[in-house]
Amino acid sequence: RELVYSAMKIEDHAAELATSQENYAKLLEGILAPILAPLKGQTLLDMGGSTGIVAARLRDKFGVVPLVVDPSRDELAKAQALGLDTALGTIDRFTPNDESAVICLFQTVEHLLDVRAGLASLRSWLRVDGLLLIDVCEVRWNMMRQKSVARAMKLDHPFAMTDPVLRAYLARAGFAVRKRFQLADGGMVRKWLYVCGRCDPQPWAVPD
């Protein structure tokens, strides 16, 4: 984060992180209400859950039982202060004790070093009837906004994703997209949010 915030010329890192996560939590709460409301008391695994602001809001609003996993000890300490269960780890260095009813991968998939392996792990941790909630930055929007491919790239994103590419990754990993939402910023698509269930993997899937 120090490197990224330095490039973005953001001085108050903690305040910026809290504000951005609170705003995103409010946005997700409204979109996910009909999906999470019936899952009161069910387990929710938040991979890359950071300070737990999003998980805590989903817990308080819908009664789900979150576990926040993140590689940052400092950010997990803030999640613990919100009364959340936490685990230190990354998607390739974590093994859950039980399958989850819901797995969240918010603002994280672009950070993975191996998207295919990461999604395969998530599928193996999800109940047969469970849901994967995943979002992705639409890099084409950033290209249009920045009027530059180079400026659209992010230092902490090994992958620059588009909607068709992520949907192909999901299909190959064995996830069927049940719902897809555009999260708009200034009238242009900034992110996509997907609600996915398990299906048979489709190794032949390619971006449409």
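Relevant structure appears above.
Cut-offs used in this document
- Residues numbered from 1 in each chain as written.
- Predicted model: local features only at pLDDT ≥ 70, side-chain atom pairs only at ≥ 80, totals over all residues.
- Heavy atoms only, no water.
- Buried < 20%, exposed > 50% of the residue type's maximum accessible area, 1.4 Å probe, protein only.
- Helix = DSSP H or I, 4+ residues; strand = E, 2+ residues; numbered from the N terminus.
- Arc of directions from axis to C-beta.
- Phe/Tyr/Trp six-rings, centres within 6.5 Å; stacked < 30°, edge-to-face > 60°.
- Pairing = 2+ DSSP bridges.
- Right-handed = clockwise from strand over helix to strand, strands pointing away.
- Contact = heavy atoms within 4.5 Å.

Engineer: I keep staring at helix H4 (residues 73-81) and nothing clicks. Help me out?
Structural biologist: Side chains three or four residues apart in an α-helix point the same way, a direct result of the helix having 3.6 residues per turn. Of all the positions in H4, only Glu75, Leu76 and Ala79 are classed as buried. Along the axis of H4, the buried positions cluster into a sector of 100°, meaning they face one direction only. Turned more than 90 degrees off the buried face of H4, the exposed positions are Arg73, Asp74 and Ala81. Just downstream of H4 lies Gly83, where phi reads positive at about 85°.

Engineer: Is there a simple way to think about the packing of aromatic side chains in this case?
Structural biologist: All told, the structure shown has three aromatic pairs when counted by the stated rule. Here Tyr24 and Phe106 contribute two aromatic rings whose centre-to-centre distance is 6.5 Å and whose plane-to-plane angle is 85°, an arrangement assigned as edge-to-face. Highlighted residues: Tyr24 in helix H2 (residues 13-36) and Phe106 in the loop between strand E4 (100-105) and helix H5 (115-125), separated in sequence by 82 residues. When sorted by exposure, Tyr24 lands in the same class as Phe106, which is buried.

Engineer: What exactly am I supposed to notice about helix H6 (residues 139-146) here?
Structural biologist: Considered for burial, the residues of H6 that qualify are Val139, Trp141 and Asn142. End-on view of H6: buried residues confined to an arc of 150°, all on one side of the axis. The positive-phi residue at the C-terminal boundary of H6 is Lys147, with phi of around 55°.

Engineer: What am I meant to see in the pairing of strand E3 (residues 85-88) here?
Structural biologist: The side chains of a regular strand alternate, first on one face of the sheet and then on the other. Pairing analysis gives four bridges linking strand E2 (residues 65-70) to E3, with the strands arranged parallel. The partner of Val69 across the bridge, within E3, is Ala87. Handedness of the crossover is the feature at issue here: the chain leaves E2, passes through H4, returns alongside E3, and the resulting connection is right-handed.

Engineer: I keep staring at the environment of Val109 and nothing clicks. Help me out?
Structural biologist: Within the secondary structure, Val109 sits in the loop between E4 and H5. In this structure, the C-alpha to C-alpha distance between Val109 and Gln182, residues 73 residues apart in sequence, is 17 Å. Among all residues touching Val109, those that are not within four sequence positions of it are Val115, Ile134, Asp135, Val136 and Leu166.

Engineer: It is not clear to me how the pairing of strand E5 (residues 126-137) should be interpreted in this structure. Could you clarify?
Structural biologist: Burial analysis of E5 places nine of its twelve residues in the buried class, the great majority of the element. The sheet contact formed by E4 and E5 spans five bridges and is parallel. By the bridge assignment for E5, Cys104 is matched with Leu133. Assessed by its sense of winding, the connection that carries the chain from E4 through H5 to E5 is right-handed.

Keep in mind these numbers describe shape, not what the thing actually does.
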